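Listed here are the chains, written in short residue letters.
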There are 2 protein chains.
Amino acid sequence: MAIPFDVLAEPSRRQILDLLLERPRLVGELTEHLGLTQPGTSKHLRVLREAGLVRVRRDAQRRWYELCPEPLAEVDAWLAPYRRLWTDRLDALERHLDTMPELAEVTGGPEPPDAPDAPPDAPPDPPDGEAP
Amino acid sequence: MAIPFDVLAEPSRRQILDLLLERPRLVGELTEHLGLTQPGTSKHLRVLREAGLVRVRRDAQRRWYELCPEPLAEVDAWLAPYRRLWTDRLDALERHLDTMPELAEVTGGPEPPDAPDAPPDAPPDPPDGEAP
DNA sequence: CAGCTATATAACCGCAAGGGCATGAAAGCG
DNA sequence: CGCTTTCATGCCCTTGCGGTTATATAGCTG
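First, a word on scope: everything that follows refers to the structure included in this document.

Analysis parameters
- Residues numbered from 1 in each chain as written.
- Chains lettered and ligands numbered in written order.
- Predicted model: local features only at pLDDT ≥ 70, side-chain atom pairs only at ≥ 80, totals over all residues.
- Heavy atoms only, no water.
- Helix = DSSP H or I, 4+ residues; strand = E, 2+ residues; numbered from the N terminus.
- Contact = heavy atoms within 4.5 Å.
- Areas by Shrake-Rupley, 256 points an atom, 1.4 Å probe, with all protein chains shown as cover.
- Near = heavy atom within 4 Å.
- Polar contact = N/O pair within 3.5 Å; in protein donor to acceptor, adjacent residues only side chain to side chain.
- Axes fitted to C-alpha atoms, helices over the stretch in contact; angles between N-to-C directions.
- Parallel < 35°, antiparallel > 145°, perpendicular 65-115°, else oblique.
- Nonpolar A, V, L, I, M, F, W, Y, C, P; charged D, E, K, R; others polar.
- Salt bridge = Lys/Arg side-chain N within 4 Å of Asp/Glu carboxyl O.
- Buried < 20%, exposed > 50% of the residue type's maximum accessible area, 1.4 Å probe, protein only.
- Phe/Tyr/Trp six-rings, centres within 6.5 Å; stacked < 30°, edge-to-face > 60°.
- Lys NZ or Arg CZ within 6 Å of the ring centre and 35° of its normal.
- Pairing = 2+ DSSP bridges.
- Core = buried A, V, L, I, M, F, W, Y, C linked by side-chain atoms within 4.5 Å.

### Considering the overall build of chain A
Piece 1. Assigned secondary structure in chain A consists of five helices and three strands.
Piece 2. The N-to-C order of helical and strand elements in chain A reads α-α-β-α-α-β-β-α.
Piece 3. Counted over contacts in chain A with a minimum sequence separation of 6, partners at least 24 positions apart contribute 42%.
Piece 4. Taken as a whole, chain A presents about 7,900 Å² of accessible surface, with 53% of it coming from carbon and sulfur.

Below, the structure written as structure tokens:
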């Protein structure tokens, strides 16, 4: 449990980050929003802290937790090559619809073009994909 | 185990997606690259399939797995508001360094500005953040 | 048909993560 | 000083996941 991917797998932790996106928060405040016990919240905060996703500011007994978004850049970096793919498809669809607006009826999705690169044995084009 | 966040938490599954990013692949091929057993690979592929991240094409006994990047858009959407944050900071840093290049020495990171919004009790500015 | 190849499924196991309770620690307040 | 507030830690328990082995299924090949 160290890289942001694991951290983000937890809905409560994503929610914490979403809450901290607005403003710094106290543990009690977060606990209230999350609907779990205070130790539970503290545990998640510990994970977030160790992942470098949050920062603590002490104020007497209270702890102000604030966001540290930098580690998310790693996720964003991993996502980058994939982002091209679906934006390309959406752009193509948009252009297509823009070209012929009288046929603006979309049934399924645009059929992806065949594999650009040739694997050891070229994948053929069977009639159906999956029919249990 | 349904939304892409959980799926991406697994290194092997990210690796599968990375491999499928180049071209469609057979299960055996993926198994080889992953360094785990064939049933293990099939299990991960099942998860990816149910998450809508991959698609199967049958060719006799073989199965060509190909990428389906669309569900990743959800991750990207969640990430969007955070992306602004770190790009803003980096931009600010760049501008700063660009303004005074003779002081181009970075020690830690740029000190984040104080909380923009005022919580119920305004978080003060204690001398130190955390010193165990 | 038998036999081989390629993949999926089932059954099982170990381990770690999430959640709760009880407690400890730090710091204000009467 | 004790009491209260605010949070962190230490156990305990349960669940689910990732991994492996063994078996079933589908389809080619001889």
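### Side note on the protein's contact with DNA strand D
Piece 1. With respect to spatial proximity, 25 residues lie near DNA strand D, and among them Q38, S42 and Y65 of chain A together with K43 and H44 of chain B are the closest.
Piece 2. Within 4 Å of the protein, the atoms of DNA strand D are drawn from sugar and phosphate moieties in a proportion of 68%.
Piece 3. Here a phosphate oxygen of DNA strand D sits 2.5 Å away from a polar atom, N or O, in the side chain of H44 of chain B.
Piece 4. Take Q61 of chain B: an N or O atom from its side chain is 3.1 Å from a sugar or linking oxygen of DNA strand D.
Piece 5. Those elements that provide at least two residues to the surface near DNA strand D are α3 (27-34), α4 (38-50) and β3 (62-67) of chain A together with α4 (38-50) of chain B.

### Structural notes on the packing of helix α2 (residues 11-22) of chain B against α4 of chain B
Residue and element names in this part refer to chain B.
Piece 1. Running from N to C, α2 and α4 point in directions that differ by 75°, and their axes come no closer than 10 Å. One element, α2, and the other, α4, form an angle in the roughly perpendicular class. Only H44, L45, V47 and L48 of α4 make contact with α2, whose side of the interface consists of S12, R13, I16 and L17.
Piece 2. For the contact of α2 with α4, the residue count by class is five nonpolar, two polar and one charged.

### Some words on the protein's contact with DNA strand C
Piece 1. Close to DNA strand C lie 22 residues, the nearest being R13 and H44 of chain A together with Q38, S42 and Y65 of chain B.
Piece 2. Restricting attention to atoms of DNA strand C within 4 Å of the protein, one finds that 71% of them are sugar or phosphate atoms.
Piece 3. Contacts to DNA strand C include Y65 of chain B, whose side-chain N or O atom sits 2.4 Å from a phosphate oxygen.
Piece 4. Residue assignment for the surface near DNA strand C shows that the elements contributing at least two residues are α4 of chain A together with α3 (27-34), α4 and β3 (62-67) of chain B.
Piece 5. Here the residues of the surface near DNA strand C are counted per class, giving seven nonpolar, seven polar and eight charged.

### Focus on the pattern of salt bridges
Charged atoms that come close allow side chains of opposite charge to pair.
Piece 1. Taken as a whole and judged by the stated rule, the model has 16 salt bridges over all chains.
Piece 2. Measuring nitrogen to oxygen at the nearest pair gives 3.1 Å for the salt bridge that ties E22 of chain A to R25 of chain A.
Piece 3. Its relative accessible area of 51% is what places E22 of chain A among the exposed residues.
Piece 4. Look at R25 of chain A and you get buried, because its relative accessible area is 3%.
Piece 5. Among the ionic pairs, R25 of chain B bridges to E29 of chain B, the shortest N-O distance being 2.9 Å. Comparing R25 of chain B with E29 of chain B shows no difference in burial state: the two are buried.
Piece 6. If you follow the salt bridges from partner to partner, you end up with E22, R23, R25 and E29 of chain A in one network.

### Some remarks on the packing of aromatic side chains
Piece 1. Counted according to the given criterion, the structure contains four aromatic pairs over all chains.
Piece 2. With centroids separated by 5.8 Å and ring planes inclined at 85°, the aromatic side chains of F5 of chain B and W78 of chain B adopt a geometry described as edge-to-face. Of the two residues, F5 of chain B is situated in helix α1 (residues 4-8) and W78 of chain B in helix α5 (residues 72-99); the sequence distance between them amounts to 73 residues.
Piece 3. Taken together through their ring pairs, the aromatic side chains of F5, W78 and Y82 of chain A make up a single cluster.
Piece 4. The positively charged end of R14 of chain B is found above the aromatic ring belonging to F5 of chain A, 4.2 Å away from the centroid.

### Quick look at the sheet that holds β3 of chain B
All names here are of chain B.
Piece 1. Taken in spatial order, the three strands of this open sheet run β1-β3-β2, and their pairing is antiparallel. Of all the strands in the sheet, just β1 (25-26) and β2 (54-59) have a single pairing partner and so form its edges.
Piece 2. In the sheet, β1 pairs with β3 via two bridges, with the strands oriented antiparallel. The partner of L26 across the bridge, within β3, is W64.
Piece 3. Along the sheet, α4 contacts β2 and β3; its crossing angle with β2, the most-contacted strand, is approximately 115°.

### A closer look at the nonpolar core
Piece 1. Counting 50 residues, the largest nonpolar core has L17 of chain A together with L17 of chain B as its most contacted members.
Piece 2. If we skip the residues at most four places from it in the chain, L17 of chain B touches W78 and Y82 of chain A together with L8, L48, L53, V54 and L67 of chain B.

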